[in-house]
Amino acid sequence: MEATSLSFKENARRAMGDETLQKALGFARTGFQDKRAAAAARLPEFDDLRDAAKAIKDHTLEHLDVYLEIFEQRVIEQGGKVHWARDAAEARAIILRLCKGAGARSVTKSKSMISEEIGLNEALEAQKIRCVETDLGEYIVQLAGETPSHILAPAIHMTKDRVSALFAEAHGTAPVDEPEALLAEARHALRQRYFEADVGITGANFLIAETGSVVLVTNEGNAELTQGLPRMHIALASIEKVVPTLEEACVLLRVLARSATGQEFSAYTTLLTGPKRPADLDGPTSFHVVLLDNGRGGMLGTEFQDILRCIRCGACMNHCPVYLATGGHAYGWVYPGPMGAVLTPSFIGIEKAHHLPNASTFCGRCEQVCPMRIPLPKMMRHWREEQFKRKLSPATGRYGLKLWAFAAKRPALYHLGAKVAIGLLCLLGGKRGRFRRLPLASGWTGSRDFPAPQGSTFQAQWRARRDRR
Amino acid sequence: MSGEARDAVLGRLRRALGRGPRTPDELRRKLLARLAAPQPVLIPARGNLELEGRIRLFIAQANAVQTEVLRVGRYADLPDAAVDYLRRSSLPLQLVMATDPLLRRADWAATLLEIRHGRPEDRDPVGLTTAFAGIAETGTLMLLSSPETPTTLAFLPEISIIVLPAVRVLRAYEDGLRALREERGAMPRSVNFVTGPSRSGDIEQTIQLGAHGPRRLLVLLVDELPDGSPQPDA
Amino acid sequence: MSPPADRPRVALFVTCLVDLFRPSVGFAAVKLLEDAGCTVEVPAGQSCCGQPAYNQGDRADTVEIARRTIEVLSGYDFVVVPSGSCAGMLRKHYPELFPAGSDDAARAREVAERTFELISFLTDVRGITGFEASLPARITYHDSCAGLRELGVKQQPRRLLESVRGLELRELPGAEICCGFGGTFCVKYPAISTRMVDDKVTDIEATGAELVLAGDLGCLMNMAGRLKRVGSKVEARHVAEVLAGMTEEPPIGGPAA
C-alpha cells in the first residue's frame, strides 16, 4: 500500500474539515469508549487479566523461534502446510502460487490487516483472480476503492447514504435507505461470492503452538464462511501472533473483545486445525498457513519489542484525541492511531513516517487502555530519538532546541536570557496582558492569544525578597 | 524457496534472542513439556457456580446478546418445541439437521416438520445441530465439527437452532477445552465459540443482526441426562 | 487543620514556565507549603526539568540537564513542583535516563522518591484537608495528563477546593481529555492542537463556570490563549493561586475583555 504519511499535516487538516468524517468519529468516540469502560467494569478480574496477557505475550516473544517451530510441526501433523515469507513480496508470491495451483478464479477474504500491509488484493486482481472482501466494512471500502480507516471498523468514515449509493451501483439495484435493508442486500450479494470462491483467505488473530490452530475472531461470521466453503483455506499471519496454549489464548480473547468493542466475547471465535477430516461433510480439503516476518524479527530484542504484544484491539485509537480528530486515513498507511505511530516507521522508515510519532501530546490515554500494557508514548519517544540522532527533524527546531538546552545547562546564562526575553515581552505586551501575534510563534498565535509574562522571573523576585530580609 | 525464507526468519529471531544457530534441545524439551500440561492462567470467578446457577447465568448472558433460550425436560420434547418456535416466529417448518445420536431420542417424523440431514444448502432456512458444551461465563456455545455435526449447519442458514444438554453448561471456555481434550483426544477441524447471532456495526455504527451468519439463534436446553434419566428437580 | 509538628525542608522546583511567565504561582506554592508547616527553599541553579529536550528525542542533553537538576535538588527532605508534568519528569523519567545500577541512577532515584507534585504533596504527605481561603466563583477543573496518569493526581485538588469558601466546583465533562498543549506539539501541529483545545473550550463553557483551574501552567496558557481568542469570558488560574487566596493578580492572559 502506497504511504502518504509524509502528508500527515495536510491529510489531517482536510480530515478535520470533513463534516461527515467528524460526525462518524463522534459516534466512535462515545460508542467505543463507553462500551469498553462498561465491559471492564462488569469484570472484576479485568486488570489482572491484562497483566496476565502481557506476561503470556512476553514469555512467547522470548521464545518465539521455538514456538513457531512447534506450531509449524503441529500444523503439518494435522495435514496442513506452512509457508514462510521474509517480506511482503514473498508472501504475495506464495499466495499467488497457491491460488494459481488451485486454479482459482475467485477468492473470498475475511479481514486481514496483514493483507493490506502486503498489498495482496492488488496482486490478486493483477493476476485476474477476483478478490472479494467479506467483512461488511471491508466490502464497503472495497466498493469505494478506498482503504480501511480503522482496524476494526474499516468504513467508520462513511455515512449510510454513501453506502446506499455504493450498493446501488455495485449490485445494480435501486438505492435503499434503511440500515436493515442495506445489510440484507450485502448479505445476499456476498452469499453468492462465498459459494463461487475457489480459495478463502483469512488473517489470524492468534496462532496456537500447542495444537497448530489458527484463531479467527469476528462478529459477522464471515470468516467461517470464507474458510469453510471453498476447497482451499489460506491463513495469512505475522509471526508474532503465536500464543503457546489454548488456555493462554483464552486470556487474550477475554481482553480483546472487551477492549475492542466492549463485548463480553465476540460473536464468533473459531479455532481451525488442519483441513477437513476425511469423514467431515464440509470444510476445506487443503489448509495453508503463511507466516510473515516483514520486519517483526527486527523489532525483537530492541526497544520496540513491546509493540509485538499488540493484539489489534483498536482501543488505543478509540481513545486517542489526535486519532479522533483526524481519523485513520490521515496517518497515510495501514495502521493508524498510537499503534500505527509506533509500527509504521518500522515498515516504511522514519524518514517517511516521522509525523506519526511526533503528532502526539503523550497524554498517555493509549497506554492507559491498552490491554497488553504496551508503553506506546515511550516507543513514540524512541522514534523521536532515532529521528534526532539522524538529524531528520527540521533545522529550525533542532537549533532552537540546542539553544534552549545550552541555556538550561548553564543557570547563569539561563537567568540572563530569561531576564532579557521576559523583559522584552513585557514591554511589548503592555497592559492587555496578552499577545495576539508574536514573531516566531505563529504556530501558537495563529489560533491562540499568548499570555504575557507577569514581570521579572520568579527566581529573580525570590532572590530580591530574600536579599531584602 | 520457503526453506531459505524459513531459515532466514528463524535465524533472525534466534540472533535477536541471543541464541546460537540451532535451538538447544533442552529449551525445546522444556517448552514442549509446558505445552503438554496446559494450565489455565486466570479464570473469572463469575461462572464459579453449581450447575443450576451456571444454567441461570448462561441463560442471562445468552439473552443479553440476543440468543433466545428455551428449556425442555426431555429430548422427546424437542420436535414440538422447534415447531412451536418456528410457528411463533412465522418461519417455515423446514429443518436441515445434524445426525447426532442425541437427536434420535426424539421422534421428528411425528411433526409437520420437513427434515433433511447433513450439509445445508443456501435454500435451507433453518439449521439444527448440537453443541459440545455451553459456557456460562458469557452465554457462549461451543460447537465441534464432525461428520454428525457439520459446521455449516450453524452458519449458513438464517435461523440457527442449537440443542444443548443442560448438564453440559460449563463454567468457562477452559473447562470446555479440557473436556474436548479428555473426551475427543484430538482437535476437530473447527471449534466454534458462538456468542449470539451474527452482527455488524459497520453501517453508521448501528448494531444489526444477520450480517453473514445466522440472524437468529435459538438454544434448546435439554434437562435429560446422557443416560436418559431426567434431571433431578432443581 | 493545624500543620504537623515537624518542619520538613522543601526544595521548590519552580519550573521554567512558572519562573518565566507566572511567578505568582511560585509564590502561591511557597505560601501553601509554609502554611503546611514546611521550610521552603528555592535552590539556585535550577532551570528546566529537561522535558523539551526529552520529548524531542535529544537524549544526551536531557541526561545532562537531569544530572544538574538532580545535583541542585539533592539534600532536601522533599522536592515539590507546581506542575504534574515536571514532577512526573523528575519522579518517573529521571531514574530511567541512567544505566541501571549506576551512581547516577541511584541519585536520580533518591531525588525521585522525594519529589511530589504540589497539590498531592499537601494532601497525601502533609495531610492537609483545606485552607483558609475564599473565592465566590463558579469554577471547573481540568485534569492535566501527566499529573493524572503518571502521578495519580485526581481527587486531591478537588478535595482542597471544596474547602474554599464560596467556591462552586462544576465537574468538567471530558476533564481527563488532553487540552492539546503537549509541549512543542501545540506549535508543531497547530491545527490539531487547536481542534483539541476547541473541544476543551466547548466543554468548559458548557459547565457555566467563570473560571477554569488546573495544576499545570502549560495547559492553562493553552486554554487561556484559546479562551481569549474566541472571546470567552471564562478566566484561567493555577489551582495553587486560588488555594493560597492569592487572586489579586490578573488571571492568565489578562482579565476578560
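From a predicted model like this one, the values you see are computed outputs, not experimental measurements. (Residues numbered from 1 in each chain as written. Chains lettered and ligands numbered in written order. Predicted model: local features only at pLDDT ≥ 70, side-chain atom pairs only at ≥ 80, totals over all residues.)

(A) Spotlight on the overall build of chain C. Along chain C, the regular secondary structure elements total 13 helices and 8 strands. Summarising its shape, the C-alpha atoms of chain C cover approximately 50 × 45 × 25 Å along the three principal directions. Of all 257 residues assigned to chain C, the portion counted as buried reaches 59%. Within chain C, residue pairs in contact and separated by at least 24 positions form 77% of the contacts whose partners lie at least 6 positions apart. (Helix = DSSP H or I, 4+ residues; strand = E, 2+ residues; numbered from the N terminus. Buried ≥ 20, exposed ≤ 12 C-beta atoms within 10 Å, placed from the backbone. Contact = placed C-beta atoms within 7 Å.)

(B) Region of the structure containing the overall build of chain A. Check the secondary structure of chain A and you find 24 helices and 12 strands. Its C-alpha atoms give chain A principal-axis dimensions of roughly 95 × 55 × 45 Å. Split into buried and exposed, the 469 residues of chain A put 58% on the buried side. For chain A, restricting intrachain contacts to residue pairs at least 6 apart in sequence, the fraction spanning at least 24 positions comes to 73%.

(C) Quick peek at the environment of R92 of chain A. Relative to the elements of secondary structure, R92 of chain A occurs in helix 5 (residues 88-101). R92 of chain A gets classed as buried once you count the C-beta atoms within 10 Å, which come to 21.

(D) Summary view of the interface of chain A and chain C. Chain A puts 48 residues into the contact, and the matching count from chain C is 56 residues. Those elements that provide at least two residues to the side of chain A that touches chain C are helix 1 (8-16), helix 15 (321-326), helix 20 (376-389), helix 21 (395-408), helix 22 (411-429), helix 23 (442-445), strand 12 (450-451) and helix 24 (458-468) of chain A. Take the side of chain A that touches chain C: its biggest share by element is 5 residues, from helix 20 of chain A. Broken down by class, the residue content of the side of chain A that touches chain C amounts to 23 nonpolar, 15 polar and 10 charged. (Nonpolar A, V, L, I, M, F, W, Y, C, P; charged D, E, K, R; others polar.)

(E) Local environment of the interface of chain B and chain A. Contact residues are listed per partner, giving 64 residues for chain B and 82 residues for chain A. Taken together, the elements giving at least two residues each to the side of chain B that touches chain A come down to helix 1 (2-16), helix 2 (25-36), helix 5 (173-184), strand 9 (190-194) and strand 10 (199-200) of chain B. Per element, the largest residue contribution to the side of chain B that touches chain A is 10 residues, and it comes from helix 1 of chain B. Here the side of chain B that touches chain A is built from residues that sort into 28 nonpolar, 23 polar and 13 charged. Pairing of strand 9 (residues 268-272) of chain A with strand 9 of chain B involves 5 bridges; the strand directions are antiparallel. By the bridge assignment for strand 9 of chain B, Y268 of chain A is matched with V194 of chain B. (Pairing = 2+ DSSP bridges.)

(F) Geometry of the packing of helix 11 (residues 190-206) of chain C against helix 12 (residues 217-229) of chain C. All names here are of chain C. Orientation of helix 11 relative to helix 12, taken along the N-to-C sense of each, is 75°, at an axis distance of 10 Å. With respect to helix 12, the element helix 11 is oriented roughly perpendicular. Judged by residue contacts, V197, D198, K200 and V201 of helix 11 engage N222, M223, R226 and L227 from helix 12. For the contact of helix 11 with helix 12, the per-class residue count stands at 4 nonpolar, 1 polar and 3 charged. (Axes fitted to C-alpha atoms, helices over the stretch in contact; angles between N-to-C directions. Parallel < 35°, antiparallel > 145°, perpendicular 65-115°, else oblique.)

(G) Here's a closer look at the sheet that holds strand 4 (residues 126-130) of chain B. All names here are of chain B. Read from one edge of the open sheet, 6 strands run 1-12-7-4-2-3, paired in parallel fashion. Every interior strand has two partners, whereas the edge strands, strand 1 (67-72) and strand 3 (114-117), have only one. Within this sheet the neighbouring strands show an average axis-to-axis angle of 25°, counted without direction. Where strand 4 meets strand 7 (residues 159-165), 5 bridges bridge the pair, whose relative direction is parallel. Within strand 7, the residue paired with G127 across the bridge is S160.

(H) Broad picture of the arrangement of the chains. Summarising the chain contacts, 2 pairs of chains touch, and the pair with the most contacts is chains A and B. Left apart from each other, chain B and chain C have a closest C-alpha approach of 21 Å.

(I) Quick look at the sheet that holds strand 5 (residues 134-141) of chain C. Residues and elements named next belong to chain C. The sheet built from 4 strands is open, its strands ordered 6-5-7-8 with parallel pairing. Whereas interior strands pair on both sides, the edge strands pair on one side only; in this sheet they are strand 6 (165-169) and strand 8 (235-238). Within the sheet, the average angular offset between the axes of one strand and its neighbour, ignoring direction, is 35°. This element, helix 9 (residues 155-162), spans strand 5 and strand 6 of the sheet and lies at about 140° to strand 6.

(J) Examining the domain arrangement of chain C more closely. Residue and element names in this part refer to chain C. You can read the domains of chain C as domain 1 (9-124) and domain 2 (130-243). Computed over C-alpha atoms only, the centres of domain 1 and domain 2 are separated by 22 Å. Contacts between the two partners involve 29 residues from domain 1, matched on the other side by 23 residues from domain 2. Contributions of two or more residues to the side of domain 1 that touches domain 2 are made by helix 1 (16-21), helix 2 (23-35), helix 3 (51-55), helix 5 (84-97) and helix 7 (118-125). In terms of residue class, the side of domain 1 that touches domain 2 is built from 13 nonpolar, 10 polar and 6 charged. (Domains from an automatic or database assignment.)

(K) Examining the packing of helix 5 of chain C against helix 6 (residues 103-113) of chain C more closely. Residues and elements named next belong to chain C. The geometry of helix 5 relative to helix 6 is characterised by a closest axis approach of 8 Å and an angle of 175° between their N-to-C directions. Our classification of the angle between helix 5 and helix 6 gives roughly antiparallel. Facing helix 5, whose interface residues are L90, R91, Y94, P95 and L97, helix 6 presents A105, A108, R109, V111 and A112.

(L) Examining helix 5 of chain A more closely. If you check helix 5 of chain A, its first and last C-alpha atoms are 20 Å apart, about what 14 residues at 1.5 Å a residue would give, namely 20 Å. Taken from the residues just after helix 5 of chain A, G103 of chain A is the one with a positive phi, measuring 65°. (Expected span 1.5 Å × (residues − 1).)

(M) Region of interest: unusual backbone geometry. Backbone geometry places K128 of chain A, a non-glycine residue, at a positive phi of 60°. Locating K128 of chain A in the fold gives a position in the loop between helix 7 (120-126) and strand 3 (130-133). Under the C-beta neighbour-count criterion, K128 of chain A is labelled exposed, with 7 such atoms within 10 Å. Notably, S90 of chain B is not glycine yet its phi reads approximately 55°, a positive angle. Mapped onto the elements of the fold, S90 of chain B is located in the loop between helix 4 (78-88) and strand 2 (94-97).

(N) Region of the structure containing the pairing of strand 1 (residues 9-12) of chain C. Residue and element names in this part refer to chain C. Both strand 1 and strand 2 (residues 39-41) contribute to a ladder of 3 bridges, which runs parallel. Residue pairing in the sheet places R9 in a bridge with T39 of strand 2. By the bridge criterion, 3 bridges tie strand 1 to strand 3 (residues 78-81) in an arrangement that is parallel. Within strand 3, the residue paired with L12 across the bridge is V80.

(O) The confidence of the model for chain C, seen in detail. Averaged over all residues, the pLDDT of chain C equals 95, while 97% of them reach at least 70. ipTM for the predicted complex: 0.96, alongside a pTM of 0.95. (pLDDT = per-residue confidence, 0-100.)

(P) Molecular detail of the environment of A16 of chain B. Topologically, A16 of chain B is positioned in helix 1. Between the C-alpha atoms of A16 of chain B and F58 of chain B, which are 42 residues apart in sequence, the distance is 46 Å. Filtering out sequence-adjacent residues up to four positions away, A16 of chain B remains in contact with G297, L300 and G301 of chain A.

(Q) Fine view of helix 12 (residues 246-260) of chain A. Residues and elements named next belong to chain A. Taking 1.5 Å per residue as the helical rise, helix 12 with its 15 residues ought to reach 21 Å, and the 21 Å between its terminal C-alpha atoms agrees with that figure. In terms of burial, helix 12 is largely enclosed, as 15 of its 15 residues are buried. Following helix 12 by one or two positions, G262 adopts a phi angle in the positive range, close to 75°.

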